[in-house]
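Each chain is listed here by its residues.
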Number of protein chains: 2
Amino acid sequence: MTGMDATPAAGTPPLPGRGTRTPPRGRPRSFDREAALEQALRLFWERGWEATSVADLTAAMGIRPPSLYAAFGDKRALFEEVVARYRESHGAYATRALAEEPTARAGIARMLREAAAEATDPDHPWGCLLISSTVNCTSPEVEQAVRAIRTANVRALESLIRADVAAGHEPAEADPAALAQFTATVLQGMSQRARDGAGRAELERVATDAMRVWP
Amino acid sequence: MTGMDATPAAGTPPLPGRGTRTPPRGRPRSFDREAALEQALRLFWERGWEATSVADLTAAMGIRPPSLYAAFGDKRALFEEVVARYRESHGAYATRALAEEPTARAGIARMLREAAAEATDPDHPWGCLLISSTVNCTSPEVEQAVRAIRTANVRALESLIRADVAAGHEPAEADPAALAQFTATVLQGMSQRARDGAGRAELERVATDAMRVWP
DNA sequence: TCATTTCTGTAGCGGTCGCTAATGAAAGGA
DNA sequence: TCCTTTCATTAGCGACCGCTACAGAAATGA
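Residues numbered from 1 in each chain as written. Chains lettered and ligands numbered in written order. Predicted model: local features only at pLDDT ≥ 70, side-chain atom pairs only at ≥ 80, totals over all residues.

S.K.: Which parts of the structure should I look at to understand the overall build of chain A?
M.R.: On a plain count of helices and strands, chain A comes out with ten helices and zero strands. Moving toward the C terminus, one meets the helices and strands of chain A in the order α-α-α-α-α-α-α-α-α-α. Every one of the 215 residues in chain A was classed for burial, and the buried ones make up 36%. When contacts within chain A are restricted to residue pairs at least 6 apart in sequence, long-range pairs at least 24 apart make up 62% of them. (Helix = DSSP H or I, 4+ residues; strand = E, 2+ residues; numbered from the N terminus. Buried ≥ 20, exposed ≤ 12 C-beta atoms within 10 Å, placed from the backbone. Contact = placed C-beta atoms within 7 Å.)

S.K.: Would you take a moment to explain the interface of chain B and chain A for this structure?
M.R.: In many reports, interface size means the accessible area that the parts give up when they come together. Between chain B and chain A, the contact holds 33 residues from the first and 33 residues from the second. Those elements that place two or more of their residues in the side of chain B that touches chain A are α1 (33-51), α7 (129-132), α8 (140-166), α9 (176-195) and α10 (200-210) of chain B. Sorting elements by how many residues they give to the side of chain B that touches chain A places α9(B) first, with eleven residues. The residue makeup of the side of chain B that touches chain A, split by class, is twelve nonpolar, eleven polar and ten charged. (Nonpolar A, V, L, I, M, F, W, Y, C, P; charged D, E, K, R; others polar.)

S.K.: Any chance you could explain the environment of Val82(A) here in plain terms?
M.R.: All names here are of chain A. Following the sequence through the fold, valine 82 ends up in helix α4 (residues 75-88). A residue is classified by how many C-beta atoms lie within 10 Å of it, and valine 82, with 25 of them, is buried. Separated by 47 residues in sequence, valine 82 and leucine 129 have C-alpha atoms that sit 9.6 Å apart.

S.K.: Would you explain the protein's contact with DNA strand D in this entry?
M.R.: Taken together, 26 residues lie around DNA strand D, and Arg27(A), Ser53(A), Gly26(B), Arg27(B) and Pro66(B) are the ones closest in. Elements with a contribution of two residues or more to the surface near DNA strand D: α2 (54-61) and α3 (65-72) of chain A together with α3 (65-72) of chain B. Per-class residue counts for the surface near DNA strand D are twelve nonpolar, six polar and eight charged. (Near = placed C-beta within 6 Å.)

S.K.: Before we go on, may I ask you to explain the packing of helix α8 (residues 140-166) of chain A against helix α9 (residues 176-195) of chain A in this structure?
M.R.: Packed helix pairs are specified by the crossing angle of their axes together with the interaxial distance, meaning the distance between the axes. All names here are of chain A. Between α8 and α9, the shortest axis-to-axis distance is 8 Å and the interhelical angle comes to 135°. The angle between α8 and α9 falls in the class oblique. In this structure, the crossing between α8 and α9 has a hand that is right-handed. Contact with α8, carried on its side by Val154, Leu157, Glu158, Ile161, Arg162 and Val165, involves Pro176, Ala177, Leu179, Ala180, Gln181, Thr183 and Ala184 of α9 and no other residues of that element. Of the residues assigned to the contact of α8 with α9, the class counts are nine nonpolar, two polar and two charged. (Axes fitted to C-alpha atoms, helices over the stretch in contact; angles between N-to-C directions. Parallel < 35°, antiparallel > 145°, perpendicular 65-115°, else oblique. Left-handed = near helix turned anticlockwise from the far one by under 90°.)

S.K.: How do you make sense of the relation of the copies chain B and chain A when you look at a structure like this?
M.R.: For these two chain copies, the linking operation is a rotation about an axis paired with a shift along it. Expressed as a screw transformation, the operator carrying chain B onto chain A has a rotation angle of 180° and an axial translation of 0.0 Å, and the superposed copies differ by an RMSD of 0.1 Å. Taken together, the rotation and translation relating the two chain copies correspond to the operation of a two-fold axis. Considering only C-alpha atoms, the residue of chain B closest to the rotation axis is Gly189(B), which sits at 1.9 Å. When the interface residues of chain B are mapped onto chain A, 100% of them are again interface residues, pointing to one common binding face. (Least-squares fit on C-alpha atoms with pLDDT ≥ 70 in both.)

S.K.: Just to check I follow, could you spell out the confidence of the model for chain A for this structure?
M.R.: Predicted coordinates in regions of low pLDDT should not be interpreted in detail. For chain A, per-residue confidence averages 91 on the pLDDT scale, and 90% of positions sit at 70 or higher. Counting interchain partners and residues more than four positions distant, the pLDDT-below-50 stretch residues 1-21 of chain A has five contacts. (pLDDT = per-residue confidence, 0-100.)

S.K.: Just checking my understanding: could you explain unusual backbone geometry for this structure?
M.R.: Negative phi characterises most residues that are not glycine, and trans characterises most peptide bonds. The phi torsion at Asn136(A) lies on the positive side, around 60°, for a residue other than glycine. Structurally, the position occupied by Asn136(A) is in the loop between α7 (129-132) and α8.

S.K.: What should I look at first to understand the environment of Arg147(B) in this one?
M.R.: All names here are of chain B. Mapped onto the fold, arginine 147 is located in helix α8. With 17 C-beta atoms packed within 10 Å, arginine 147 lands in the partly exposed category. Separated by 17 residues in sequence, arginine 147 and leucine 130 place their C-alpha atoms 8.0 Å apart.

S.K.: I keep staring at α1(B) and nothing clicks. Help me out?
M.R.: For α1(B), spanning 19 residues, the distance from its first C-alpha to its last is only 23 Å, which falls clearly below the expected 27 Å at 1.5 Å a residue. Of all the bends in α1(B), the greatest, near 80°, is centred on Trp45(B). Listed in full, the buried residues belonging to α1(B) are Ala36(B), Ala40(B), Leu41(B), Leu43(B), Phe44(B), Trp45(B), Gly48(B), Trp49(B), Glu50(B) and Ala51(B). Looking at the packing, one finds that the buried side of α1(B) touches α1 (33-51) of chain A together with α2 (54-61), α4 (75-88), α7 and α8 of chain B. (Expected span 1.5 Å × (residues − 1). Bend = angle between axes of the 7 residues up to and from the residue.)

S.K.: What's the story with the protein's contact with DNA strand C in this structure? I'm lost.
M.R.: Surrounding DNA strand C, one finds 26 residues, the nearest of these being Gly26(A), Arg27(A), Arg27(B), Ser53(B) and Lys75(B). Where the surface near DNA strand C is concerned, the elements lending two or more residues are α3 of chain A together with α2 and α3 of chain B.

Next up, the structure:
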């Protein structure tokens, strides 16, 4: 025993609470971080980045500004965490549909159909957070971050369709880029229409109609 | 001559400058109201209602706040005048297309085609002001006013199509409400895609693809 | 029990928001 | 020339923006 075994090395303490069972030091947080994040998600979803103030957020989350900043960093970091949470929860239907269906065409058909239901669900704000929340955004970084997600999604659609064309699951005259762009256009339009009050049945009809474009 | 002929009646002076050739009293306005309105239009188009401040507007219009308020009322009245101007200028292509083409189908095809060009024109902000400028709006009145225009436009599309079905220009199985909703969805999606950087050719392809949905 | 650590609440920072009172400038009418 | 009318400018109003200094409260470790 040299005395250097039991205690951690001076310059590199173990990461707090990461992989260890030791409870964190100091006064514990008195609110549910996940529940607060969900409230922030609802508010950003409904009002968008620009129209949601920190005062609105703290009121909805049931906390005071210093708690918000201690737990989430700042408004922008909170929003980015909200975006990540949205993609893993309310927005996950799209990835699931594309992954689980046997072809790109079937995946996209299901994605559009489920988008109609999701975008008009009365249990949460209408439309898609990734589509509506950063329209007319004063922060170029925030706007660009969410736009990059949309752009990547269009590219992913195109790749999926291209693979199916290459595999012979779609006719050779099918244009992957055009079909991806068309799908994205309909999807983003559906979000807007839902925000304007279009109903689930109407948008499901749009979804099925959109699939008639495929060769 | 009773003395009451040449001079106007006391309680009801002639409306200033309306139909009369008499120049307006007082110091004349030192800026071009139309040019200033056009600058405001560009700014609202690019940034939307929420993200455009009065300071931004006065800077772009080359005037000071009191001049803006004297000439236009307030920010909301200015925006509503901008919306009216937009509908009569950059947005007029849609009404023209629907009015000038012989059928609803031809009118809608032309409207979508021209929308692709208009929404991606490098000479002005991308997308459609009526679609993008009031997304995530803190003022319910402003948001509702522009939404009402969109809703009326969808209804007008539906009426046009219904008339063509009744006249036998479209097959009986054509669903006017569904086709109108689909057209609106594509149009609003095209605006969004243009704001995300989609090009004219891509959106023109979307426009022609969309017409394949018709029976 | 006491020191250390972390969180919470109060209060308020500098900046921007939409908007306007007050004063001077520029036109026509008498 | 002087008065009236209207516009332009300066300056700043109260309210809200995102954010934080500070002090007290609640946990652990010694």
